[in-house]
Amino acid sequence: MVIKIGVLELQGGYALHHNLLKKIGLNSIAVKSSNDLKQSDGLIIPGGESTTLSLLMRKYNLRESIIKFAKHNPVLGTCAGLILMSKDVDDERVDPLGLFDLSISRNAYGRQIHSSKKRIFFQYNQAKEIELHSTFIRAPKIKYIGENINIVARHENIPVAIFSKNLL
């Protein structure tokens with residue numbers, strides 16, 4: 001069986017995700033409709049403009065399909081993807097999917113001109129932590145974390161990567 005990872009292609013950094021999946025030997029497909037989603041074994045919601053992605057998910061009737069898909073399939077959200085996967089966002093223009101019991105502050109690390117490299121510490125296992133350099137471009141900040149959510153990485157003791165069951 002060939003595993004196919006869907007990448008939401010409504011707006012944002014989807015090409016980067018396709019390229020990275022290809023580099024690690026995984027097949028990816030474009031997700032622009034609920035029919036595309038049905039052909040996927042997992043989904044990546046890329047970074048981009050969360051207000052635009054929210055609007056387009058509703059316009060193309062993907063919102064409910066993604067919520068249903070996420071109940072049984074892996075979903076990864078990066079930057080705007082995290083914002084959309086949360087339960088609460090500090091911007092009424094975003095209609096979050098409510099996949100994670102999280103509150104998010106959009107653009108918490110400043111405007112795009114204030115983008116910067118930061119050291120992130122990932123908890124590899126209980127005994128080992130890995131340091132990676134990451135770029136924060138108008139990144140969201142997790143303000144509240146609900147139950148059953150594990151913190152995978154932190155920056156200055158603030159969670160920047162989390163997972164729960166099949167969601168990352």
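Definitions and cut-offs
- Residues numbered from 1 in each chain as written.
- Predicted model: local features only at pLDDT ≥ 70, side-chain atom pairs only at ≥ 80, totals over all residues.
- Heavy atoms only, no water.
- Pairing = 2+ DSSP bridges.
- Helix = DSSP H or I, 4+ residues; strand = E, 2+ residues; numbered from the N terminus.
- Axes fitted to C-alpha atoms, helices over the stretch in contact; angles between N-to-C directions.
- Core = buried A, V, L, I, M, F, W, Y, C linked by side-chain atoms within 4.5 Å.
- Buried < 20%, exposed > 50% of the residue type's maximum accessible area, 1.4 Å probe, protein only.
- Contact = heavy atoms within 4.5 Å.

**Quick look at the sheet that holds strand β8 (residues 129–136)**
Turning to step 1, where the next piece is worked out: Read from one edge of the open sheet, four strands run β8-β7-β10-β11, paired in antiparallel fashion. Each of the sheet's edge strands pairs with one partner strand only, and the pair in question is β8 and β11 (158–163). Adjacent strand axes in the sheet meet at a mean angle of 35 degrees, parallel and antiparallel pairs treated alike.
Turning to step 2, where the next piece is worked out: The pairing of strand β7 (residues 116–123) with β8 spans eight bridges and is classified as antiparallel.

**With respect to the sheet that holds strand β6 (residues 102–105)**
Turning to step 1, where the next piece is worked out: Taking strand neighbours across the sheet as the criterion, the three strands line up as β5-β6-β9 in an open arrangement whose pairing is mixed. Strand pairing shows two members of the sheet lacking a second neighbour, β5 (88–89) and β9 (141–145), which therefore form its edges.
Turning to step 2, where the next piece is worked out: Bridging between β6 and β9 involves four bridges; their strand directions are antiparallel. Bridge assignment links S103 to a residue of β9, and that residue is Y144.

**Things to note about the nonpolar core**
Turning to step 1, where the next piece is worked out: Counting 31 residues, the largest nonpolar core has L8, L43, I45 and I66 as its most contacted members.
Turning to step 2, where the next piece is worked out: Elements that contribute at least two residues to this core include exactly β3 (42–45), α3 (50–59), α4 (63–70), α5 (80–85) and β6.
Turning to step 3, where the next piece is worked out: Counting residues per element, this core draws most heavily on α5, which supplies five residues.
Turning to step 4, where the next piece is worked out: I45 has contacts with L8, I66, V75, L76, G77, T78, G81, L84, M85 and L97, leaving out every residue within four places of it along the chain.
Turning to step 5, where the next piece is worked out: In this structure, I120, F136, A139 and A153 belong to the second largest nonpolar core, which totals six residues.

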